[in-house]
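The residues making up each chain are set out below.
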Amino acid sequence: MKEENDSAFLKFIGTAGARFVVMKQLRSSGGVWLSSEGTNLYMDPGPGALVRCLNSKPKMDPSTLDGILLTHKHLDHSSDINVMIEAMTEGGFKKRGVLFAPEDALEKDPVVFHYVRSYLEKIEILRENSRYQVGRISFSTGPRHRHGVETYGINFRMAPHTVSFITDTRFFPELPNLYQGEVLVIHVVRLKPIGDDPVDHLSVEDVKAIVKKARPKLTVLTHFGMTMIRAKPWEVAAELEKELGVKVIAASDGMKLDLKEV
Ligand SMILES: [Zn+2]
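Here is a short report on the structure shown in this document. The model shown is predicted, which means the values in this text are computed figures rather than measured ones.

### Quick notes on the nonpolar core
(1) Moving on: Counting residues in hydrophobic clusters, the biggest one holds 29 residues, and the most contacted among them are L10 and F156.
(2) Moving on: The residues contacting L10, other than those within four sequence positions of it, are V32, W33, L34, M158, V163, F165, V185, M255, K256, L257 and L259.
(3) Moving on: By size, the runner-up hydrophobic cluster in this structure holds 25 residues, among which are L50, L70, M88 and Y119.

In C-alpha cells, the structure reads:
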C-alpha cells in the first residue's frame, strides 16, 4: 500500500493476547504495523499476521516492510516470523530488511529459522536499555520485563510523535516511569489480577497504576485475554477514562491510529 510520506500511524492487525483468545481466534492475532514517513516496521507477527495483512483494507503489503521487531518469542508474538521475513524479502530473492529480536529468540530454542536469516540485510539483537533505528523510526528498549522469556517493552520515536508499548510483563513499580510516550499502548491480558499469575501478565488494576503516573495523551489497550474479552474491552476503556480523567481506548482488529490525530 502507498501512504503519503508525512503520515505516521499504527495499525492493529490483531488484538488477541494469551492462549485461548488466540487459539480460538476470538480476536485476530498478528501484531501491529507501524509506519512513519514511509518507513514500515512490523511488531510481533503472531498467528495469522501474513493473512491478516493481505486481507486488510487497504491491503498491507509485507514486501514494503523495512523491518520486523520481535519483543519476545512466545508463539502469540512470533509464530508468523519466518513467513513474514520471507514476505518482506520477496521469498528471499531480495536481501533486505532488518530483524530486531531478543537473543533467546535466536539462540537457544530459536523461533527464526537459520535459512531465512540469510535473506535479511541485518539482524540486530535487542538488549536492555538500548537504542535502534530503522529508516525514519527510532526506538529504545526498556529493561528486561518480568515474563517467562526474554521480553522488552519499546519506546518509539516516530517524529514528531512518541509511542510506547508496554508489552507482556508482570507489574513492577518502575513500569510507569519507563514508558513515557504520548501514546501508551498496554498489553492488558487480564481484567483482574491473579495473586500468583504463572504467566506474568498485566491486569486492569495494573493499567490504573501505570496510567495514573505516566499520564499519556492517549492510552490504548490491546492484547486481550478471555476475561477482558468477556468484559468488553471498549467498556473497560470507557470506565478507565472516566475514573482516570485521561483518554483511553480499546484497540480493535484492523484499527488504524493516525498519530496526527492524537
Ligand atoms: Zn503475549
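Picking up where we left off.
### What to know about the pairing of strand β1 (residues 8-12)
(1) Moving on: Within β1, five of the five residues are buried, which leaves it mostly tucked inside the rest of the structure.
(2) Moving on: Here β1 shows two buried faces, one formed by A8, L10 and F12 and the other by F9 and K11.
(3) Moving on: As paired strands, β1 and strand β2 (residues 32-36) are joined by five bridges and run antiparallel to one another. Within β2, the position partnered with K11 by the bridge is W33.
(4) Moving on: Where β1 and strand β15 (residues 256-258) come together, three bridges link them in antiparallel fashion. When the sheet's bridge partners are listed, F9 is paired in β15 with D258.

### Here's the deal with the sheet that holds strand β3 (residues 39-43)
What links the strands of a sheet is backbone hydrogen bonding, and the strands pair in either a parallel or an antiparallel sense.
(1) Moving on: What the seven strands build is an open sheet, ordered β6-β5-β4-β3-β2-β1-β15; its pairing is mixed. Since the sheet does not close on itself, it has two edges, and those belong to β6 (122-126) and β15, each with one partner. Geometrically, the sheet is characterised by an average inter-axis angle of 20 degrees between neighbouring strands, direction not taken into account.
(2) Moving on: Relative to strand β4 (residues 67-69), helix α4 (residues 81-88) is tilted by about 165 degrees, and along the sheet it contacts β3, β4 and β5 (98-102).

### Describing the packing of aromatic side chains
(1) Moving on: Counted by the stated rule, this structure contains eight aromatic pairs.
(2) Moving on: Between the aromatic rings of F100 and F139, the centroid separation amounts to 5.0 Å while the plane-to-plane angle is 80 degrees, which identifies the pairing as edge-to-face. Placement of F100 in strand β5 and of F139 in strand β8 (residues 137-141) is noted, with a sequence separation of 39 residues between them.
(3) Moving on: With relative accessibility at 2%, the residue F139 sits in the buried group.
(4) Moving on: Ring geometry for Y132 versus F139: centroids 5.3 Å apart, planes at 20 degrees, classification stacked.
(5) Moving on: Among the aromatic side chains, those forming a connected cluster through ring pairs are F100, Y132, F139, F156 and F165.
(6) Moving on: Its guanidinium or amino end placed over the ring of F172, R146 lies 4.3 Å from that ring's centre, counting from NZ or CZ.
(7) Moving on: When the ring centre of F9 is taken as origin, the NZ or CZ atom of K256, which lies over that ring, is 4.4 Å away.

### Thoughts on the pattern of salt bridges
(1) Moving on: Per the counting criterion, the structure on display carries seven salt bridges.
(2) Moving on: Among the salt bridges present, the one from R136 reaches E37, with a minimum N-O distance of 2.6 Å. Taken together, the positions of R136 in the loop between β7 (131-134) and β8 and E37 in the loop between β2 and β3 put the pair 99 residues apart, joining distant regions of the chain.
(3) Moving on: Residue classification places R136 among the partly exposed positions, given a relative accessible area of 49%.

### A few points about the coordination of the zinc ion
(1) Moving on: Within the protein, the zinc ion binds to D76 (OD), H77 (NE2), D168 (OD) and H223 (NE2); these donor distances fall in the range 2.0 to 2.4 Å.
(2) Moving on: One can describe the site at the zinc ion as irregular: its four donor atoms subtend angles covering 86 to 164 degrees at the metal.
(3) Moving on: Spacing between the donor residues of the zinc ion along the chain follows D-H-x90-D-x54-H. With a gap of 92 residues between them, D76 in helix α3 (residues 75-78) and D168 in the loop between β10 (161-166) and α6 (175-178) connect regions that are remote in the sequence.
(4) Moving on: Exposure remark for D76: the relative accessible area of 15% places this residue in the buried category.

### So, helix α7 (residues 204-214)
(1) Moving on: Looking at α7, one finds that the buried residues are V204, D206, V207, K208, I210, V211 and A214.
(2) Moving on: Two residues or fewer after α7 comes R215, characterised by a positive phi angle close to 45 degrees.

### Description of α4
(1) Moving on: Across the eight residues of α4, six count as buried, placing the element largely inside the fold.
(2) Moving on: When α4 is considered as a whole, its buried residues turn out to be I81, N82, M84, I85, A87 and M88.
(3) Moving on: The inward-facing, buried residues of α4 contact β3, α2 (49-55), β4, α3, β5 and α5 (114-117).
(4) Moving on: Two residues or fewer after α4 comes E90, characterised by a positive phi angle close to 55 degrees.

### Let's talk about the packing of α7 against helix α9 (residues 233-244)
(1) Moving on: Close contact between α7 and α9 brings their axes to 11 Å; oriented N to C, the two are set at 40 degrees. By the angle class used here, α7 and α9 are oblique. Seen along the crossing, α7 lies across α9 with a hand that is right-handed. For the pair α7 and α9, the contacting residues are V204, V207, K208, V211 and K212 in the first and V236, L240, E243 and L244 in the second.
(2) Moving on: Grouping the amino acids of the contact of α7 with α9 by side-chain chemistry returns six nonpolar, no polar and three charged.

What counts as what
- One numbering rule holds for all chains: residues counted from 1, following each sequence as written.
- Where local features are concerned, this predicted model is filtered to residues with pLDDT of at least 70; where side-chain atom pairs are given and counted, the filter is 80 or more; whole-chain, interface and lining totals use all residues.
- Heavy atoms from the whole structure form the basis of all side-chain values; hydrogens and water molecules are not counted.
- Grouping buried Ala, Val, Leu, Ile, Met, Phe, Trp, Tyr and Cys residues that are joined through side-chain atoms within 4.5 Å yields what is termed a nonpolar core.
- When a residue's accessible area, from a 1.4 Å probe over protein chains only, is under 20% of the maximum for its type it is buried; when over 50% it is exposed; and in between it is partly exposed.
- Whether two residues touch is decided by their heavy atoms; if any such pair falls within 4.5 Å, the residues are in contact.
- Helix and strand definitions here come from DSSP, where helices need a minimum of 4 consecutive H or I residues and strands a minimum of 2 consecutive E residues; each element is numbered from the N-terminal end.
- Between any two strands, at least two bridges found by DSSP are needed for them to pair.
- Lines fitted to the C-alpha atoms define the axes, with helices restricted to the stretch that makes contact. Angles between their N-to-C directions range from 0 to 180 degrees.
- The pairing test for Phe, Tyr and Trp rings, Trp by its six-membered ring, is centres within 6.5 Å, and the orientation test on the planes gives stacked under 30 degrees, edge-to-face over 60, and tilted for anything in between.
- As a reminder, the over-ring test applies to NZ of lysine and CZ of arginine, requiring each to be within 6 Å of the ring centre and within 35 degrees of the ring normal.
- Salt bridges, as used here, are contacts in which a Lys or Arg side-chain nitrogen is within 4 Å of a carboxyl oxygen on Asp or Glu.
- Metal coordination here is assigned from N, O and S atoms located within 2.8 Å of the ion, or within 3.2 Å for Na, K and Ca; omission of water means that sites may look incomplete.
- The rule is simple: four donors are tetrahedral if all their angles sit between 85 and 135 degrees, four are square planar and six octahedral if opposite donors span more than 155 degrees and the others lie between 65 and 115, and anything that fits none of that is irregular.
- Every angle not falling under 35 degrees, over 145, or within 65 to 115 is termed oblique; those three ranges are roughly parallel, roughly antiparallel and roughly perpendicular.
- Handedness of a crossing follows from how the near helix is turned relative to the far one, being left-handed for an anticlockwise turn of less than a right angle and right-handed for a clockwise one.
- Residues are grouped as follows: Ala, Val, Leu, Ile, Met, Phe, Trp, Tyr, Cys and Pro are nonpolar; Asp, Glu, Lys and Arg are charged; every other residue, Gly included, is polar.

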